[in-house]
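A closer look at the structure
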Amino acid sequence: MNAKDRLIIALDFPTMDKAVELVEKLGDTASFYKVGLELFLNSKGKMVEYLAEKGKKIFLDLKFHDIPNTTAMASVFAAKENVFMFNVHASGGKKMMAKVVEEAKKINDKSLLIAVTILTSLSEEEVKETFMTEVSIKELAMNLARLTKEAGMDGVVCSPWEAKYIKEALGKEFKTVCPGVRPAWSATNDQTRIMTPKDAMLNGCDFLVVGRPITKNEDPVNATKMVIAEIEEGLKEGNLC
Ligand code: C5P
């Protein structure tokens, strides 16, 4: 897979007009976009239709979390859209994820099924308070990643700092989708455990999710090209995927 297809641009815009403006501006420079809850709901799903018509790859980031049957039925609709990847919460359990795999793969066996392990917005303190456990976030995340794999899902969303451990523990084929990426030339914003696109590649990330360094850039075309060039550099030096 080439460098361009590994960059997922996060369309974190409240309205479809703004998102479309960026996609039009980027044209052939970018091939892959992430649509989250805000844009999906505000556009009443139309953003997905628009990107598909443009021949773009889509990461449908709706993070389903419900009982197995309900989650699987929602997954059937995501699979029907032929999105490149969509996600669920691994904390919904192995049975839930296995049911998603069973039903979604009946519709198409190409959409990658990805799970979110522990939301990175949670601190160790909050995890302790929420789940009444002394187990560290890293251990919880690794356990959820293992359950994700056992359920037959294709990969997880994780920090670039964890991608290497996940690849080592669960194999090269298990996909890592990584936000928290910042080129050296851009602002960190509210991201804390960041890594550059090149280092992320060297650390075993399959796909990078990048938002503001591109979406808020004065020259998003150039910013996209620079990120892709850095991904390319990492791939040349040898990534773990
Ligand atoms: O603008 P930025 O590059 O920080 O955007 C990263 C994208 O990845 C956002 O859509 C954000 O919601 C998402 N994300 C994240 N950290 C996670 C999971 C998702 O930043 N752990």
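Here the structure is shown first, and the text comes after it.
Residues numbered from 1 in each chain as written. Predicted model: local features only at pLDDT ≥ 70, side-chain atom pairs only at ≥ 80, totals over all residues. Heavy atoms only, no water.

**Thoughts on the site of the ligand**
A10, D12, K34, T120, P179, R182, Q191, V209, V210, G211, R212 and P213 make up every residue found near the ligand. At 2.7 Å, a backbone N or O of R212 approaches an oxygen atom of the ligand. Computed on the free molecule, the ligand has an accessible area of 460 Å², of which 79% lies beneath the protein chains in the complex. Looking at the shell around the ligand, the elements that each hand over two or more residues are β8 (207-210) and α10 (212-215). A breakdown of the residues in the shell around the ligand according to their chemical character gives five nonpolar, three polar and four charged. (Near = heavy atom within 4 Å. Polar contact = N/O pair within 3.5 Å; in protein donor to acceptor, adjacent residues only side chain to side chain. Areas by Shrake-Rupley, 256 points an atom, 1.4 Å probe, with all protein chains shown as cover. Helix = DSSP H or I, 4+ residues; strand = E, 2+ residues; numbered from the N terminus. Nonpolar A, V, L, I, M, F, W, Y, C, P; charged D, E, K, R; others polar.)

**Points about helix α4 (residues 68-80)**
Given a rise of 1.5 Å per residue, 13 residues ought to cover 18 Å, and the 18 Å separating the end C-alpha atoms of α4 matches this to within 8%. Within the span of α4, buried status applies to T71, A72, S75, V76, A78 and A79. Looking down the long axis of α4, one finds its buried residues gathered within 165 degrees of arc, a one-sided arrangement. Opposite the buried face of α4, at more than 90 degrees from it, the exposed residues are F77 and K80. Those residues of α4 that are buried lie in contact with β3 (57-64), β4 (85-89) and α5 (94-107). Directly after α4, the chain includes N82, whose backbone phi takes a positive value near 55 degrees. (Expected span 1.5 Å × (residues − 1). Buried < 20%, exposed > 50% of the residue type's maximum accessible area, 1.4 Å probe, protein only. Arc of directions from axis to C-beta. Contact = heavy atoms within 4.5 Å.)

Nothing here speaks to function; it is all geometry.
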